[in-house]
Amino acid sequence: VLNKLKAKEWLAFLLNFILIGIYAYICNFAVSVCRAWIMTTILLLAPLVRREYDSLSAISLAGIVMLAFNPFEIFNASALMSFGCVLGIAYFNKAFTRLLCKIHLPKALADSLAISISAQIGILGATLLYFRNIQLISTLTNIIVVPLFTLAFSVIFVLAFVSIILPFIKYLMWAVDPILSLVTLTCNFFSTITFANLTTNAIDY
């Protein structure tokens, strides 16, 4: 929208930074949201200072900043899974995408599978540490659930902002309920498949 309005680059950056900050506030500054806020800020800032965005550098800086505020985040399951997920995607996504394209999978499916597999590899350590359980078909579950949840969450977020100006809009949120119910049903169904759950011995840091 700001590009269409031909807003100045620094103004666009500032507005985006503030809007994402408001979103972080709404989410009570959850670890994963703060990590995304810092990384997005670097992504938006890079072209303004004539630098190339690098995801590994961005996630490293996000980790340094967050641990500077609270070193105990390194023992937080949400923090480890959020950072692990992004690191997995940064390291493995391109390789898996190329591999899946070589076996002639449709590009959209190859991209989705590659991201899901890479994320699962990234969070494997935290999953074993905190849950002692590996979901063998979580990649399949993600392909179904993530697009649905993304759609529902995006609609809720937009309606929440619009309802500040037009309060009656909040009543449209009931329309999202069937999507969230489908997400819950899908997750519950896959979690009941016994052969897909591999319980492991406890591990430590």
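Before reading further, recall that the structure is shown in the block above.
Now for a description of the structure that goes with this document. This one's a predicted model, so the numbers in the text were calculated from it and none came from an experiment. (Residues numbered from 1 in each chain as written. Predicted model: local features only at pLDDT ≥ 70, side-chain atom pairs only at ≥ 80, totals over all residues. Heavy atoms only, no water.)

1. Here we look at helix 6 (residues 138-165)
Side chains of residues three or four places apart in an α-helix project in the same direction, reflecting 3.6 residues per turn.
Alright, step 1. For helix 6, with 28 residues, the first-to-last C-alpha span of 40 Å sits near the 40 Å given by 1.5 Å per residue.
Alright, step 2. Maximal helix bending in helix 6 amounts to about 30°, located at Val145; proline Pro147 follows within four positions.
Alright, step 3. Summarising the contacts, the buried residues of helix 6 are in contact with helix 5 (107-131), strand 1 (133-135) and helix 7 (177-191). (Helix = DSSP H or I, 4+ residues; strand = E, 2+ residues; numbered from the N terminus. Expected span 1.5 Å × (residues − 1). Bend = angle between axes of the 7 residues up to and from the residue. Contact = heavy atoms within 4.5 Å.)

2. Describing the environment of Ile115
Alright, step 1. Assignment of secondary structure puts Ile115 in helix 5.
Alright, step 2. Here Ile115 falls in the partly exposed class, since its relative accessible area comes to 40%.
Alright, step 3. C-alpha separation for the pair Ile115 and Ser60, spaced 55 residues apart in sequence, amounts to 20 Å.
Alright, step 4. Setting aside its immediate chain neighbours within four residues, Ile115 contacts Ile89 and Asn93. (Buried < 20%, exposed > 50% of the residue type's maximum accessible area, 1.4 Å probe, protein only.)

3. Some words on the environment of Ile123
Alright, step 1. Its place among the elements puts Ile123 in helix 5.
Alright, step 2. The class for Ile123 is buried, based on a relative accessible area of 14%.
Alright, step 3. Along the backbone, Ile123 and Ile64 are 59 residues apart, and their C-alpha atoms lie at a distance of 19 Å.
Alright, step 4. Excluding residues that lie within four positions of it along the chain, Ile123 makes contacts with Met81, Gly84 and Cys85.

4. Describing the side chain of Thr41
Alright, step 1. As for its placement among the helices and strands, Thr41 is situated in helix 2 (residues 31-45).
Alright, step 2. Take Thr41: its relative accessible area is 16%, and that puts it in the buried class.
Alright, step 3. Side-chain polar atoms of Thr41 contact the backbone oxygen of Trp37, separated by 2.7 Å.
Alright, step 4. Once residues lying within four places of it in the same chain are set aside, the contact partners of Thr41 are Phe13 and Phe17. (Polar contact = N/O pair within 3.5 Å; in protein donor to acceptor, adjacent residues only side chain to side chain.)

5. Remarks on a nonpolar patch on the surface
Alright, step 1. Residues Leu14, Phe17, Ile18, Leu19, Ile22, Tyr25, Ile26 and Phe29 make up a contiguous nonpolar surface patch of roughly 770 Å² in combined accessible area.
Alright, step 2. With respect to the helices, strands and loops of the structure, Leu19 is situated in helix 1 (residues 9-26). (Patch = residues over 30% accessible without salt bridge, like charges linked within 9 Å, V, L, I, M, F, W, Y side chains within 5 Å. Areas by Shrake-Rupley, 256 points an atom, 1.4 Å probe, with all protein chains shown as cover. Salt bridge = Lys/Arg side-chain N within 4 Å of Asp/Glu carboxyl O.)

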